[in-house]
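# Close look at the chain arrangement
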Amino acid sequence: MKIAARHLDMITIFDISGDIDLATSPELRKALLRELRELKIPRVVLNLGAVRYIDSSGVASLVEGLKASRDVGSRLILFGLNRTVREVLQLSKLVKIFEICEDEAQSVAP
Amino acid sequence: MYYLDRHCVRKSASGDLSETKRGIQIRRPEESAHVSRGSLLLRMELRSNPEMLCVVRNALGQLAATLGFSDPECRAVVLAVDEAMTNIIRHAYRGDAEQPIEASFRRIHAQGDGKSGDALEIVLEDRGVTVNPKKLCGRALEDVKPGGLGLHFIRQSMDTVEFSRRKGRNQLRLVKILNVQEPRKGS
């Protein structure tokens, strides 16, 4: 898994690629919690378009990020969900709790 | 021995955890005897290193596709095995990355949930601590919290899920029945 960060005003966009699993999800979790809890970025956007695989540990990292965003009053937004990611989120029954946008433009819109 | 259903595990006299996808069908080892042992397709001996998960996923994805599983079924099987191995690494071995995991993949004939046919049987074995039935319960999905999803994913993805403890080893047997369709050409 690779995470590339971009910054747009008060928005951080993470472009994530590869597999999010037990080996890599701690890195995602750390990146999310740093932006949300430490830096208190008002909006963190995850571009999941290049994610090939996500498992329950990856979903757990997203949930932790979501909880952190709620704690600090920020927004965590997902976009670019491919079939694989969407299937797993639907299987987890957690897809409805996330703010999901169609594309980057929508995710960074005021 | 314990029996597993959607929300709890019940202890039994014989030793295995068993369920089918749609319910609480309990299958004792002797009741599984009608399942032929089938042919060994692949056997892997791995360390409990999370870095190995992607290796197993890639190999299994290819294997399932070769057997004729559809793309969604391939993804389901891969997810189930990945989650099972994750549970072994995290719970049975408590994060120790140097412990052995054995995975064997067989083509068998199986039946369950009103369907029968060729199936992929996956058996994972580890020498970790005894599975704690309470940890097999997963969690209520309405709880929005990290963790506890792995077993739910396994249950949803496979037709049969059986846990047992024999001779100091945890054994997890997963079966996915193949819906009738032609194997892919050129695979």
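Everything numeric in this text was worked out from a predicted model, so none of it was measured. (Residues numbered from 1 in each chain as written. Chains lettered and ligands numbered in written order. Predicted model: local features only at pLDDT ≥ 70, side-chain atom pairs only at ≥ 80, totals over all residues. Heavy atoms only, no water.)

Another point: the overall build of chain A. A count of helices and strands for chain A gives four helices and five strands. Helices and strands appear in chain A in the N-to-C order β-β-α-β-α-β-α-β-α. Computed over its C-alpha atoms, the radius of gyration of chain A comes to 12 Å, within 12% of the 13 Å expected for a compact globule of 110 residues. Taking the principal axes of its C-alpha atoms as reference, chain A extends roughly 30 × 25 × 25 Å. A burial count over chain A gives 52% of its 110 residues as buried. When the accessible area of chain A is evaluated, it comes to approximately 5100 Å², of which 50% is carbon and sulfur surface. (Helix = DSSP H or I, 4+ residues; strand = E, 2+ residues; numbered from the N terminus. Rg over C-alpha atoms; globule rule 2.2 N^0.38 Å. Buried < 20%, exposed > 50% of the residue type's maximum accessible area, 1.4 Å probe, protein only. Areas by Shrake-Rupley, 256 points an atom, 1.4 Å probe, with all protein chains shown as cover.)

Residue and element names in this part refer to chain A. Contact geometry of helix H1 (residues 25-38) with helix H2 (residues 56-72) gives a least axis separation of 9 Å together with a crossing angle of 5°. As judged from the angle between their axes, H1 and H2 are roughly parallel. Residues Ser25, Leu28, Arg29, Leu32, Leu33, Leu36 and Arg37 of H1 touch H2, and the partners they reach there are Ser57, Gly58, Ser61, Leu62, Glu64, Gly65, Lys67, Ala68, Ser69, Asp71 and Val72. Classifying every residue of the contact of H1 with H2 by side-chain character gives seven nonpolar, six polar and five charged. (Axes fitted to C-alpha atoms, helices over the stretch in contact; angles between N-to-C directions. Parallel < 35°, antiparallel > 145°, perpendicular 65-115°, else oblique. Contact = heavy atoms within 4.5 Å. Nonpolar A, V, L, I, M, F, W, Y, C, P; charged D, E, K, R; others polar.)

Once that is clear, we can look at H2(A). Residue and element names in this part refer to chain A. Here H2 spans 24 Å end to end across 17 residues, near enough to the 24 Å set by a 1.5 Å rise per residue. The element H2 is extensively covered by neighbouring structure, given that twelve of its 17 residues are classed as buried. Every buried residue of H2 is accounted for by Ser56, Ser57, Gly58, Val59, Ala60, Ser61, Leu62, Val63, Gly65, Leu66, Ala68 and Ser69. Trailing H2 by a residue or two, Gly73 shows a phi angle of about 75°, which is positive. (Expected span 1.5 Å × (residues − 1).)

Evaluation of the coordinates by the stated rule reveals 19 salt bridges over all chains. Salt-bridge contacts for Asp71(A) lead to Arg37(A); the nearest nitrogen and oxygen are separated by 2.9 Å. Taken together, the positions of Asp71(A) in helix H2 and Arg37(A) in helix H1 put the pair 34 residues apart, joining distant regions of the chain. With relative accessibility at 54%, the residue Asp71(A) sits in the exposed group. Between Asp118(B) and Arg107(B) there is a salt bridge whose closest N-O contact spans 3.0 Å. In this pair, Asp118(B) is assigned in strand S6 (residues 115-126) and Arg107(B) in strand S5 (residues 100-112), connecting sequence segments eleven residues apart. We classify Arg107(B) as partly exposed; its relative accessible area is 29%. (Salt bridge = Lys/Arg side-chain N within 4 Å of Asp/Glu carboxyl O.)

All names here are of chain A. Topologically, Val51 is positioned in strand S3 (residues 43-54). Along the backbone, Val51 and Ser25 are 26 residues apart, and their C-alpha atoms lie at a distance of 12 Å. Aside from chain neighbours lying at most four places away, what touches Val51 is Ile16, Ser17, Gly18, Ile20, Asn82 and Val85.

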